[in-house]
Amino acid sequence: MSRIVYVNGRFVPEPEARVSVFDRGFLFADGVYEVSSVLDRGLVDNAAHLARLERSLGELGMASPASPEEIVRAQKELIARNDLDEGVVYLQITRGPADRDFAYPAEPEPTLVMFTQEKPLVDNPLAAHGIAVVTVPDLRWKRRDVKTVGLLAASMAKQAALDAGAGDAWMVEDGFVTEGSSNNAYIVTGGGVVVTRHLGNEILHGITRAAVLRLSREHRIAVEERAFTVEEAKSATEALITSASSFVIPVVRIDGETIGDGRPGAITRRLREIYIESARASVDR
Ligand code: PMP
């Protein structure tokens, strides 16, 4: 693989892309990130991703080493240099290197890295048949609205799902589904209402979630933002997940129980279609 990677203002070949072992991202997971998808060589919903990045940084009292305009310019250059047609641009900002100490450094020099990943997003094979999910306890910290790189609990949930032969895990707290390991979780009720958990500190405020809810309302698909239990999910007519790197993916089994007729539901397929249509029409090149 010969990617060009962005590290602190420089575009370097992958083997030369390095940060310090003293970087607080490495020592404390003291960093935040964003993943913007790339369709037809353009960025999808990128302004919203950068707005959430600003918020995450603000919640952690962390400064950005680059303005949003500089970040967008670097993202676009990275897409061009890597000849990326479809996939994602990953971006991470950490509080930077400092001698190990729990307290924040007085004069931080934040680290900014970005890289691209090629991925078929529109022709995602999982979209055709859907995925199975298993439920697991939500072991994460209490500020899931902040998009930090502290992803071990999410990674454990994902691995538990794969070990169980499923595609992903839905995390559960106090009997209610919070979200997927790296996506927002939804069900569709018998009455055709799309239900996804309300915003709060318990979930990441998904950029794809916001777009899908807006598009649903525009297309007169009823939406309810509220918590739902695992039991309600298992008896739903449809289930689905959303994220920047998967758009909308049907969920056809939960803990081994079939959802609807076991095939991607009509509303889910419609949401994927209108999301892709809208994303295509608004990419930023
Ligand atoms: N929840 C979690 C825990 C996530 O990691 C992600 C994706 N990073 C999402 C939801 C989806 O967010 P977005 O639509 O902004 O990708």
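Cut-off values and rules
Residues numbered from 1 in each chain as written. Predicted model: local features only at pLDDT ≥ 70, side-chain atom pairs only at ≥ 80, totals over all residues. Heavy atoms only, no water. 1 Å grid on protein atoms, 1.4 Å probe; cavity = no way out; pocket = protein on both sides within 12 Å on 5 of 7 lines; lining within 4 Å. Points joined across faces, edges and corners; volume = space filled by probe spheres on them. Helix = DSSP H or I, 4+ residues; strand = E, 2+ residues; numbered from the N terminus. Nonpolar A, V, L, I, M, F, W, Y, C, P; charged D, E, K, R; others polar. Domains from an automatic or database assignment. Contact = heavy atoms within 4.5 Å. Buried area = accessible area lost by both parts, 1.4 Å probe. Salt bridge = Lys/Arg side-chain N within 4 Å of Asp/Glu carboxyl O. Polar contact = N/O pair within 3.5 Å; in protein donor to acceptor, adjacent residues only side chain to side chain. Buried < 20%, exposed > 50% of the residue type's maximum accessible area, 1.4 Å probe, protein only. Pairing = 2+ DSSP bridges. Near = heavy atom within 4 Å. Areas by Shrake-Rupley, 256 points an atom, 1.4 Å probe, with all protein chains shown as cover. Expected span 1.5 Å × (residues − 1). Arc of directions from axis to C-beta.

Comments concerning the layout of surface pockets
Here the second largest pocket is characterised by a volume of approximately 190 Å³. Taken together, 14 residues line the second largest pocket, and the ones lying closest to its centre are Val-19, Gln-92, Thr-94, Thr-111 and Val-113. For the lining of the second largest pocket, the secondary structure elements donating two or more residues are strand 1 (4–7), helix 1 (24–28), strand 5 (87–94) and strand 6 (111–118). The residue inventory of the lining of the second largest pocket, partitioned by class, reads eight nonpolar, four polar and two charged.

Concerning the domain arrangement of the protein chain
Assigned domains of the protein chain: these are domain 1 (4–118) and domain 2 (125–282). Computed from C-alpha atoms alone, the centre-to-centre distance between domain 1 and domain 2 is 26 Å. Facing the 22 residues of domain 1 at the interface are 20 residues of domain 2. Between domain 1 and domain 2 lies a buried interface of about 1,800 Å² when both sides are counted; carbon and sulfur atoms form 61% of it. Three residues, Tyr-33, Leu-39 and Arg-52, lead the burial of domain 1 against domain 2; their summed loss comes to 33% of the area buried on that side. Summed over the shared surface of domain 1 and domain 2, the number is three salt bridges. Notably, a salt bridge pairs Arg-55 with Asp-145, separated by 2.9 Å at the nearest N-O pair. Where domain 1 meets domain 2, there are eight residue pairs in polar contact (both at pLDDT 80 or more). At the level of elements, strand 3 (31–39), helix 2 (46–59) and strand 5 are the ones that each hand at least two residues to the side of domain 1 that touches domain 2. Considering only residue class, the side of domain 1 that touches domain 2 consists of eleven nonpolar, five polar and six charged.

As for the pairing of strand 13 (residues 238–243)
Counting buried positions over the six residues of strand 13 gives six, a clear majority of the element. Of the two faces of strand 13, both are covered, the one formed by Glu-238, Leu-240 and Thr-242 as well as the one formed by Ala-239, Ile-241 and Ser-243. In terms of strand pairing, strand 10 (residues 184–188) meets strand 13 through five bridges, oriented antiparallel. When the sheet's bridge partners are listed, Asn-184 is paired in strand 13 with Thr-242. Bridging between strand 13 and strand 14 (residues 247–254) involves five bridges; their strand directions are antiparallel. Bridging from a neighbouring strand, Ile-241 pairs with Ile-249 of strand 14. The turn linking strand 13 back onto strand 14 is made up of three residues.

Some thoughts on the site of the ligand
Close to the ligand lie 17 residues, the nearest being Lys-147, Glu-179, Ile-207, Thr-208 and Ala-244. Taking Arg-52, its side chain carries an N or O atom lying 2.9 Å from an oxygen atom of the ligand. Lys-147 places a side-chain nitrogen or oxygen 2.3 Å from a nitrogen atom of the ligand. The protein chains hide 93% of the 390 Å² of surface that the ligand would expose on its own. Elements supplying a minimum of two residues to the shell around the ligand: helix 2, helix 6 (207–218) and strand 13. Broken down by class, the residue content of the shell around the ligand amounts to four nonpolar, nine polar and four charged.

Digging into helix 2
With 14 residues, helix 2 ought to run about 20 Å at 1.5 Å a step, and its terminal C-alpha atoms sit 20 Å apart, in line with that. Those residues of helix 2 lying buried are Asn-46, His-49, Leu-50, Arg-52, Leu-53, Ser-56 and Leu-57. End-on view of helix 2: buried residues confined to an arc of 160°, all on one side of the axis. Opposite the buried face of helix 2, at more than 90 degrees from it, the exposed residues are Ala-47 and Gly-58. Structurally, helix 2 contributes buried residues whose contacts are with strand 3, strand 4 (42–43), helix 3 (68–81), strand 5 and helix 6. Looking one or two places after helix 2, you find Gly-61, whose phi comes out positive at around 60°.

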